[in-house]
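Each chain is listed here by its residues.
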Amino acid sequence: MPSERAAILEQLQAVGLTDDASFDIGEAALLLAALDHPDTALAPYRAHLSALADDARQATTRLASVGVQVIALQRLLLTKHGYSAGKVDPASWGDVDLIDAIDQRQGQAAVLAILYLHAARAYGATIEVLNFPQSFLVRLTARGQRVIIDPADLRRTLDAGDLRRRLKLLLGQAAEVKATHYEAISDREALFRLYNAVKLAAIAAGTLSRALDILEALRALVPARSELWWETAVLLSRLGNVSTAISTLEAYLSEAAPASGRDQIEDLLKRLRARAP
């Protein structure tokens, strides 16, 4: 019988195999959080996500104006369901434990953005995540109008000046907003970036086992990204598990379609085999 972690990873892999149009960011975020709560029953959390979706469909429609939708989503999350943002800290934008957020009705911008997207997508809103550095900003479009929202502060929308000040705070005074920062990214890519930030923090802190756990989850979520397999093998070799690193890369090469990064994988595999006892 598979372990709880293995069962969660199997469910996450099934979500990861869906196309971008069908990708369920709420379910994916819940499963990623469940890896840190393996003994927690997920049914109550799925019921809460379902209630959010139902309430959103009753509160507004994709045909409503941008202003009406923004107010409806604000009231849904802040008033009806009692969510609030945690202490605003740009360094903690990757805190994305959805289970803790639902329990506490509080979270960093990233986890509130996931709930915001989940609710908005339930009624078919035209909403997307922006390619903005170290942030989870969303853009809502309706009737030819667009607004940008920081889910850490649902009571206001952001203008160009707000974005410029945010970027300089994050990247330094020389940074300037570029056209690419307004481009949309998929929900899957947004979730990947959030957990990749958590992984990088774990590596910086020297907790390589934690980083490997996150990499395992990300490989289930986005298995085609060869860099995840490369990083996994590098960390395994740093921990002295060269044979496991080799088998990990061999498994990837045997199953993956040709993709960018394959040459690097094969080069690393060659070097690891030379080190193997």
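Here, every reference points to the structure presented above.
Here the residue index of a chain counts from 1 through its sequence in written order. Since the coordinates come from a predicted model, pLDDT governs what is reported: local features require at least 70, and pairs of side-chain atoms require 80 or more to be given and counted, while whole-chain, interface and lining totals use all residues. Only hydrogens and water are removed before side-chain values are computed, so all heavy atoms of the structure are retained for them.

Notes on the environment of Leu112
And step 1. In this structure, Leu112 sits in helix α6 (residues 109–122).
And step 2. In this structure the C-alpha to C-alpha distance between Leu112 and Asp153, which are 41 residues apart in sequence, comes to 9.6 Å.
And step 3. Excluding its chain neighbours within four sequence positions, the residues that come into contact with Leu112 are Tyr83, Ser84, Ala85, Gly107, Pro151 and Ala152. For the purposes of this entry, the term helix denotes a DSSP run of H or I that reaches at least four residues, the term strand denotes a run of E that reaches at least two, and both are numbered from the N terminus. For this analysis, residues touch if any pair of their heavy atoms sits within 4.5 Å.

Looking at the side chain of Thr232
And step 1. Tracing the chain through its elements places Thr232 in helix α10 (residues 226–238).
And step 2. Exposed residues in this analysis have more than 50% of their type's maximum accessible area, buried residues have under 20%, and partly exposed residues fall in between, with area computed by a 1.4 Å probe over protein chains only. Classification of Thr232 as buried rests on a relative accessible area of 3%.
And step 3. Two N or O atoms count as a polar contact when they lie within 3.5 Å, although within protein this holds only if one can serve as hydrogen donor and the other as acceptor, and sequence-adjacent residues are included solely when both atoms are side-chain atoms. In this structure the side chain of Thr232 is engaged in a polar contact, spanning 2.8 Å, whose partner is the side chain of Arg219.
And step 4. Setting aside chain neighbours within four positions, we find Thr232 in contact with Leu212, Leu215, Arg219 and Thr248.

Quick word on the pattern of salt bridges
And step 1. Criterion for a salt bridge: a side-chain nitrogen of Lys or Arg within 4 Å of a carboxyl oxygen of Asp or Glu. According to the stated counting rule, one finds 21 salt bridges in the structure shown.
And step 2. With a shortest N-O distance of 2.9 Å, Asp36 and Arg210 are connected by a salt bridge. Here Asp36 is found in the loop between α2 (25–34) and α3 (43–59), whereas its partner Arg210 is found in helix α9 (residues 208–221), with 174 residues between them in sequence.
And step 3. Judged by relative accessible area, which is 29%, Arg210 ranks as partly exposed.
And step 4. Put simply, Arg166 and Asp150 hold a salt bridge, and the shortest N to O gap is 2.4 Å. Here Arg166 is found in helix α7 (residues 160–171), whereas its partner Asp150 is found in the loop between β5 (145–149) and β6 (157–158), with 16 residues between them in sequence.
And step 5. Through salt bridges with shared partners, a single network forms among Glu189, Arg193, Arg225 and Glu227.

Regarding α2
And step 1. The buried count for α2 comes to 10 of 10 residues, which makes it a mostly enclosed element.
And step 2. Looking at α2, one finds that the buried residues are Ile25, Gly26, Glu27, Ala28, Ala29, Leu30, Leu31, Leu32, Ala33 and Ala34.
And step 3. In this structure, the buried residues of α2 make contact with α1 (4–16), α3, α5 (98–104), α6, α8 (187–204) and α9.

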